[in-house]
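Report on the structure
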Amino acid sequence: MLQTAQRQSKTKKPKPASPHERFLEAFRWMLLTRTLEEKLVSLYRGGLITSGVYIGKGQEAVSVACGMFLKKSDIFAPLIRDQAGRSAFGEALLDVTRTYLGSRLGPMRGRDGNIHRGRPQENQLAMVSHLGAMVSVTVGALMAKRFKGEKGFIGMTCIGEGGMQAGAFHEGMNIAAVEQVPLVIVATNNHYAYSTPNDREFACHDLVDRAIGYGFEGYNLDGTDLSACLDVIGGAVKRARAGRPPQLVVASVLRLSGHGEHDDAGYVTEEIKREPFARDCLKVAEQTIADLKLVDAETLAEWRKEAATKVDEAIATAQQEAPPEGDKEDWCALSTRDLVDRWNEINEEGNPSDE
């Protein structure tokens, strides 16, 4: 009987998480992200990080909902403020700290900027700096999976409202709808594209109105409300997976930091800071936990301590690892040595083999 019960337990589907369980899981990813990024800011200001530091303060609720509903077989193309979503999708803390601190053991092997990391073989695409380009890249990845005969997958990419004004974004939207790929685009209107306010970015009444013009289904969202983020973005993922048209979700938040840590955000008006969308989503989520009595204060304190410990350990590990050495590295601009060898063969012989 015991052996039979054990076999049945192995094949039994896991019980779906309740809304409260999912909320608390999302909150913990948000807390870990805020802890990590505050530490990265401190390291940057102390001169221990070269290149830029771009954080997602105020955007974590939107981002975490993106990562939580994806399967490992799905395509995820996050952007510069999507650490919460990256973590929820499975990115290791060491991938982050190794990249920022220049370790040759990181996913970019110490050779690229801090925000371009990715693991394409694990379906997390590395970010292209021309942000609107990620829509077309994700569409291409989805079409490749379709050509291979794969089933049940979706793709998700994120964008800010500034990137929505780029030509590549519109081209990507169009081809996604024409090809009817299972795509979810989560656009975060953080009210400033660097220092450019909304009224100098676009003239339409609401960015979600663009959905219908391209053949998408569109939804608005209060990006400071974690419950709403989980509900709306989770619903968009379900619809895309069920074969509905591509999905556009537009979340309203305020970026609670500068464009990067080199920017003091002095252009943000006091009036804007008093708007409902300027709330800190982490504080809003914590208040919800208190109001609903989901966990007690001691548990929250333990979660904060655990997050800090994980971040400190990942940073300490990366700090002890060596950076790349230019005169010793086997530099390779392409993704595999096989492609480099084939290119050399073409150049040297003019007639590559059929292998």
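Whatever comes next refers back to the structure up there.
Report on the accompanying structure.

Rules and cut-offs
- Residues numbered from 1 in each chain as written.
- Predicted model: local features only at pLDDT ≥ 70, side-chain atom pairs only at ≥ 80, totals over all residues.
- Heavy atoms only, no water.
- Helix = DSSP H or I, 4+ residues; strand = E, 2+ residues; numbered from the N terminus.
- Buried < 20%, exposed > 50% of the residue type's maximum accessible area, 1.4 Å probe, protein only.
- Contact = heavy atoms within 4.5 Å.
- Areas by Shrake-Rupley, 256 points an atom, 1.4 Å probe, with all protein chains shown as cover.
- Pairing = 2+ DSSP bridges.
- Axes fitted to C-alpha atoms, helices over the stretch in contact; angles between N-to-C directions.
- Phe/Tyr/Trp six-rings, centres within 6.5 Å; stacked < 30°, edge-to-face > 60°.
- Lys NZ or Arg CZ within 6 Å of the ring centre and 35° of its normal.
- Disulfide = S-S within 2.5 Å.
- Parallel < 35°, antiparallel > 145°, perpendicular 65-115°, else oblique.
- Left-handed = near helix turned anticlockwise from the far one by under 90°.
- Expected span 1.5 Å × (residues − 1).
- Arc of directions from axis to C-beta.
- Polar contact = N/O pair within 3.5 Å; in protein donor to acceptor, adjacent residues only side chain to side chain.
- Right-handed = clockwise from strand over helix to strand, strands pointing away.
- Core = buried A, V, L, I, M, F, W, Y, C linked by side-chain atoms within 4.5 Å.

**With respect to the overall build of the chain**
- What the chain contains, in helices and strands, is 13 helices and 7 strands.
- Residues classed as buried in the chain amount to 49% of the 355 residues present.
- Partitioning the contacts of the chain with sequence separation of at least 6, the portion at a separation of at least 24 is 71%.
- Put simply, the chain shows about 18,300 Å² of open surface, and 52% of that area lies on carbon and sulfur atoms.

**Describing the sheet that holds strand 2 (residues 155-160)**
- Read from one edge of the open sheet, 5 strands run 1-2-3-7-6, paired in parallel fashion. Two strands bound the open sheet, and with one partner strand each, they are strand 1 (75-77) and strand 6 (217-222). For this sheet, the mean angle separating the axes of adjacent strands, direction not counted, is 15°.
- One ladder, built from 6 bridges, connects strand 2 with strand 3 (residues 183-189); its direction is parallel. Within the sheet, the bridge partner assigned to Ile159 lies in strand 3 and is Ala187.
- On top of the sheet, helix 9 (residues 226-241) reaches strand 2, strand 3, strand 6 and strand 7 (247-252); it is set at about 165° to strand 6, its chief contact.

**Quick word on the packing of aromatic side chains**
- Counted according to the given criterion, the structure contains 3 aromatic pairs.
- For the ring pair Phe27 and Trp303, a centre distance of 6.3 Å and an interplane angle of 45° mean the geometry is tilted. Of the two residues, Phe27 is situated in helix 2 (residues 19-45) and Trp303 in helix 12 (residues 297-319); the sequence distance between them amounts to 276 residues.
- Residues Tyr192 and Tyr267 carry aromatic rings whose centres are separated by 5.4 Å and whose planes lie at 50° to one another, so their mutual orientation is tilted. Of the two residues, Tyr192 is situated in strand 4 (residues 192-193) and Tyr267 in the loop between strand 7 and helix 10 (270-273); the sequence distance between them amounts to 75 residues.
- With relative accessibility at 6%, the residue Tyr192 sits in the buried group.
- Judged by relative accessible area, which is 23%, Tyr267 ranks as partly exposed.
- The residue whose ring lies beneath Lys72 is Phe89, and the NZ or CZ to ring-centre distance is 4.9 Å.

**As for the state of the cysteines**
- If you walk through the whole model with that rule in mind, you get 0 disulfides.
- No disulfide involves Cys66; its nearest neighbouring cysteine sulfur is the one of Cys158, lying 3.9 Å away.
- A relative accessible area of 0% places Cys66 in the buried class.
- Cysteine Cys281 shares no disulfide, and the gap to the nearest cysteine sulfur, in Cys229, comes to 7.4 Å.
- On the basis of relative accessible area, Cys281 is assigned to the buried category, the value being 0%.

**Some words on the packing of helix 2 against helix 12**
- Running from amino to carboxyl end, helix 2 crosses helix 12 at an angle of 45°, the nearest separation of the two axes being 9 Å. With respect to each other, helix 2 and helix 12 are oriented oblique. Taken as a pair, helix 2 and helix 12 cross one another with a handedness that is right-handed. Note on element contacts: helix 12 touches helix 2 through Leu300, Trp303, Arg304, Glu306, Ala307, Ala308, Lys310, Val311, Asp312, Ile315 and Gln319, opposite Leu24, Phe27, Arg28, Leu31, Leu32, Thr35, Leu36, Lys39 and Leu43.

**Regarding helix 11 (residues 281-292)**
- In a regular helix each residue adds 1.5 Å, so 12 residues correspond to 16 Å; helix 11 covers 16 Å between its end C-alpha atoms and thus fits that length.
- Those residues of helix 11 that sit buried are Cys281, Leu282, Val284, Ala285 and Ile289. Along the axis of helix 11, the buried positions cluster into a sector of 165°, meaning they face one direction only. In this structure, helix 11 carries Lys283 and Asp291 as exposed residues pointing more than 90 degrees from its buried face.
- Elements that come into contact with the buried residues of helix 11 comprise helix 2, helix 3 (60-68), helix 9 and helix 12.
- Measuring from the side-chain oxygen of the N-cap residue of helix 11 to the backbone nitrogen of Leu282 gives 2.9 Å; that N-cap residue is Asp280.

**With respect to the pairing of strand 2**
- With respect to burial, strand 2 is a largely interior element, 6 of its 6 residues being buried.
- Side chains Gly155, Thr157 and Ile159 of strand 2 all project onto a buried face; the interleaved residues Met156, Cys158 and Gly160 project onto the opposite face, where all are buried too.
- By the bridge criterion, 3 bridges tie strand 1 to strand 2 in an arrangement that is parallel. Residue pairing for strand 2: Ala77 is matched across the bridge by Thr157.
- With helix 7 (residues 167-179) bridging strand 2 and the parallel strand 3, this β-α-β connection has right-handed handedness.

**Structural notes on the nonpolar core**
- Counting residues in hydrophobic clusters, the biggest one holds 47 residues, and the most contacted among them are Leu40, Leu183, Ile185, Phe216 and Leu248.
- Mapped onto this core, the elements with two or more residues apiece are helix 2, strand 1, helix 5 (93-100), helix 6 (133-147), helix 7, strand 3, strand 7 and helix 12.
- The residues contacting Phe216, other than those within four sequence positions of it, are Met173, Ala176, Ala177, Leu183, Ile185, Ala211, Pro246, Gln247 and Leu248.
- Within the second largest apolar cluster, 42 residues are counted, among which are Ala26, Leu221, Ile233 and Val249.

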